Amino acid sequence: MPIFVNEKTQEFHLQNNGISYIFGVISESGQLEHLYFGKKIRHRPSFQHLKERRRHSASTNRIEGSYTTSLEYIKQEYPAYGTTDFRMPAYEIRDKMGSTISDFRYRGYSIRKGKPKLEGLPATYTENIHEAETLEIYLFDDVLGGELILFYTIFNGWDAITRHAFFSNKGGERFYLNAAMSASIDFPDSDFEMVTLAGAWAREMDVQAKPLGRGIQSVYSARGASSHQFNPFLALKRPDATEGSGEVYGFSLVYSGNFLAQVEVDNFHVTRIMIGIHPFQFKWKLNPGETFTTPECVIVYSVRGLNGMSQTYHELYRTRLVRGIWRDKPRPVLFNNWEATYFRFTEEKILTLAMESKKLGIELFVLDDGWFGRRDNDKSSLGDWEPNLEKLPGGIKGLSEKIEALGMKFGLWFEPEMVNKDSNLYRKHPDWVISVPGRPMSHGRNQYVLDFTRDEVVGYVFEAMSRTIRESKISYIKWDMNRNMTEVFSKAWPKSRQGEIFHRYILGVYKLYEKLISHFPNILFESCASGGGRFDPGMLYYAPQTWASDDTDAVERLKIQYGASLVYPLSSIGSHVSAVPNHQTGRITPLETRANAAYFGAFGYELDLTSLTVEEKTAIKKQIAFFKAKRALFRFGRFYRLLSPFPSNEAAWMAVSSDQKEAVVGYYRVLAQPNPPFSRIRLAGLDPGMLYAVDGYGEPVYGDELMQVGLLLDKIETKGDFVSSLYCIRAAEKDG
């Protein structure tokens, strides 16, 4: 039984084989007190001894005559501001008087097998009720007439807990949610480093780690998307934690819009972590009878360092967040024409590229931007979605049939959420754009944001996309989003609802995804937002892979893919072999290195195949054959980061099969070093007693030797920049 309840002391203990999460009801006030979260401990009839109480000078207290009931000094589960706690709150409600004081008190609980679905929001799921248990805590504010339900789900097979909150107006007066975070935890100390993923366009997912200091430290987005700048993720790790050992707590938000991930350290070294929708520009009106559900937060605990945390996220997200037939089905090797042609193509050029792709073993041909309207640049036609018959005389229908006749599948690019002024859609419906009446509209990439808070807009885009999909043979859709939101105002909603527009917009995006998936369940969706501008767990619920970055340079991708792997499985990371000189950096890297980096992801090519030499085509054919032979290992294997590219000139990682009988190690050196020393890397995840054959080695080697002594990097070129090598490892026999 993973959830224990101590009825007498009103304590709750969520437990599985790896973790314990304990909290209880504060008897004096009815609020919830956090007691422990970490490595599994034995259950006992009472955890009252974990409570910390003492009289504090200059404190304010909840109970008259009591001097130990100040919430400022009590660790909490879902805190409010203004009733003796002066730290940042998990939620804020403004009532009809204008007061923001609330008092939600414990009313009861329920436990259910499995995990409830979040209506209209992405979330992890269970395939049967025995995979998890869910605790629901009911709290009520009598003055407000509001109910608050906190949901906790603990999985049996993963060291993970999910949390979200549900608000309901059961009174007779409306009130407003000014903030509603998904999860909050108070830790008893601040001996942590905060790990985040930061960046910008073309250099996403930089791993940042810094010691906690007193006060507030945070990452966030107020752009209408999870953003290139920060990912909706935060980890707290002990200073001595490494990739392979030590305590790490991960917090990942299953959401694609504005978010806040914040850590506050008070002057008693208590650490409050919270994550959820950013309160900035958020104000949600709840009339009597209305409800609001926060997005889900997935919390992971690891005693096996950052790799341990990542592997939990990888397995959970790959198998219980991603849905549909493409969750477990092999992903096709694809070719995307964008860097080969950009907007300048004809059907003849596309078919020539497709025929070359087929010869090399590529399985899916993707036509990117430029196929519709008068789309010869980025200034025109977004929103119309009618094929350009000058470029494609047979339309998408004719082209897709010709591609399939070659023995390949066909994929197509859309940017559903945007419109150009130079389009039939904008000329007919200028009011469908997010903008403030009477004020100028900012543009990004010469485009404007459609108002996805409106059902008629989502319905129009669905019909436009569906028409093309139904009449053509489309197996894959790349869904792009190339600008953030400005002048956020919807003409369809009253002034009292304008604080809801950011969130309602994302709900509209989710609604369109859900409609398309329901009607076309066999299509593989890949999300994109100028690369990694919306690479988040919310998107993975609808699109099982994401174009990780518009930067296709192999050296830069080492950092991008390394950082992304902190949270996201390899199967979700879109990674292509592209042209040289690279179109973003100008760097010239060997074809071998470009492939060796791209293998560890959703693999494909993006370059002009017709301009390659015979030798290059032969090499690509071998690369594709190699990937097909190993794609199950890359897809389902356990991923280990071995050397970080951020502080050093090297990077290394590996994927190990679930039975530990096979592995592939990728090693990468950025710049050459004269007269270099011998070098080894210690591997991970192998069976210590198993004898392994390593390609290029003479004698087989035991797993413990490969993990303790290391792998000698004798295959790497001693001269030249941007070199790499793969080491394929397979079991020879097991000792004893």
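For clarity, every value in this text was computed on a predicted model and none was experimentally measured.

Moving on, we get to the overall build of the protein chain. Helix and strand content of the protein chain: twelve helices and 38 strands. Computed over the C-alpha atoms, the radius of gyration of the protein chain is 27 Å, within 12% of the 27 Å expected from 2.2 N^0.38 for a compact globule of 736 residues. The buried share of the protein chain, taken over its 736 residues, is 62%. When the accessible surface of the protein chain is totalled, it reaches about 27800 Å², and 51% of it is carbon and sulfur. Positive and negative side-chain charges in the protein chain, numbering 89 and 88 respectively, have mean positions lying 2 Å apart.

Attention now moves to the UniProt feature "domain: Glycosyl hydrolase family 36 C-terminal" (unreviewed entry) in the protein chain. Under the UniProt annotation, the feature "domain: Glycosyl hydrolase family 36 C-terminal" (unreviewed entry) is placed at residues 650-728. The span residues 650-728 shows a helical share of 8% and a strand share of 41%, and its end C-alpha atoms are spaced 19 Å apart.

Sites flagged by UniProt as "domain: Glycosyl hydrolase family 36 N-terminal" (unreviewed entry) map to residues 30-287. Secondary structure across residues 30-287 comprises 0% helix and 43% strand; the distance between its end C-alpha atoms is 26 Å.

We now examine the domain arrangement of the protein chain. The domains assigned to the protein chain are domain 1 (3-321), domain 2 (326-633) and domain 3 (650-731). Taken over C-alpha atoms, the centre of domain 1 sits 41 Å from the centre of domain 3.

Right, let's talk about the packing of helix H9 (residues 554-564) against helix H10 (residues 591-598) for a bit. Two elements in contact, H9 and H10, have axes separated by 9 Å at closest approach and are oriented at 15 degrees. With respect to H10, the element H9 is oriented roughly parallel. The hand of the H9/H10 crossing is left-handed. Contacts from Ala554, Leu558 and Gln561 of H9 reach H10 at Thr593, Arg594 and Ala597.

The next thing to look at is the side chain of Ser29. Examined against the element boundaries, Ser29 turns out to sit in the loop between strand S3 (19-25) and strand S4 (32-39). At 2.7 Å, the side chain of Ser29 and the side chain of Gln31 are in polar contact. In this view, Ser29 contacts Arg62 and Arg105; residues no more than four positions away in its chain are not counted.

This part is about the sheet that holds strand S29 (residues 573-578). Read once around its circumference, the closed barrel built from eight strands follows the order S21-S22-S23-S26-S27-S28-S29-S30, with strand pairing classed as parallel. Adjacent strand axes in the sheet meet at a mean angle of 30 degrees, parallel and antiparallel pairs treated alike. Sheet topology places strand S26 (residues 476-479) next to strand S27 (residues 524-527); four bridges connect them, and they run parallel. Residue pairing in the sheet places Lys478 in a bridge with Glu526 of S27. Those strands touched by H9 are strand S28 (545-547) and S29, and its axis lies near 165 degrees from that of S29.

Here we take up the sheet that holds S3. In any sheet, the strands associate via hydrogen bonds between backbone groups, in a parallel or an antiparallel arrangement. Spatially, the four strands line up as an open sheet ordered S1-S2-S3-S4, and their pairing is antiparallel. Each of the sheet's edge strands pairs with one partner strand only, and the pair in question is strand S1 (3-6) and S4. Sheet twist, expressed as the average angle between the axes of neighbouring strands with direction ignored, equals 15 degrees. With four bridges joining them, S1 and strand S2 (residues 11-15) adopt antiparallel strand pairing. Bridging across to S2, Asn6 finds its partner in Glu11.

What follows deals with the packing of aromatic side chains. Counted according to the given criterion, the structure contains 58 aromatic pairs. Geometrically, the ring pair formed by Tyr91 and Phe104 is edge-to-face, given 5.7 Å between the ring centres and 75 degrees between the ring planes. In this pair, Tyr91 sits in strand S5 (residues 91-94) while Phe104 sits in the loop between S5 and strand S6 (105-113), placing the two residues 13 residues apart along the sequence. Judged by relative accessible area, which is 3%, Phe104 ranks as buried. Summarising the aromatic geometry, the rings of Phe627 and Phe634 are spaced 5.8 Å apart at their centres and angled 10 degrees between planes, so their arrangement reads as stacked. Take Phe627 and Phe634: they sit in the same class, and that class is buried.

Rules and cut-offs
- Residues numbered from 1 in each chain as written.
- Predicted model: local features only at pLDDT ≥ 70, side-chain atom pairs only at ≥ 80, totals over all residues.
- Heavy atoms only, no water.
- Helix = DSSP H or I, 4+ residues; strand = E, 2+ residues; numbered from the N terminus.
- Rg over C-alpha atoms; globule rule 2.2 N^0.38 Å.
- Buried < 20%, exposed > 50% of the residue type's maximum accessible area, 1.4 Å probe, protein only.
- Areas by Shrake-Rupley, 256 points an atom, 1.4 Å probe, with all protein chains shown as cover.
- Lys, Arg positive; Asp, Glu negative; His and termini not counted.
- Charge placed at Lys NZ, Arg CZ, Asp CG, Glu CD.
- UniProt positions renumbered as here; feature names shortened; annotations may be inferred.
- Domains from an automatic or database assignment.
- Axes fitted to C-alpha atoms, helices over the stretch in contact; angles between N-to-C directions.
- Parallel < 35°, antiparallel > 145°, perpendicular 65-115°, else oblique.
- Left-handed = near helix turned anticlockwise from the far one by under 90°.
- Contact = heavy atoms within 4.5 Å.
- Polar contact = N/O pair within 3.5 Å; in protein donor to acceptor, adjacent residues only side chain to side chain.
- Pairing = 2+ DSSP bridges.
- Phe/Tyr/Trp six-rings, centres within 6.5 Å; stacked < 30°, edge-to-face > 60°.

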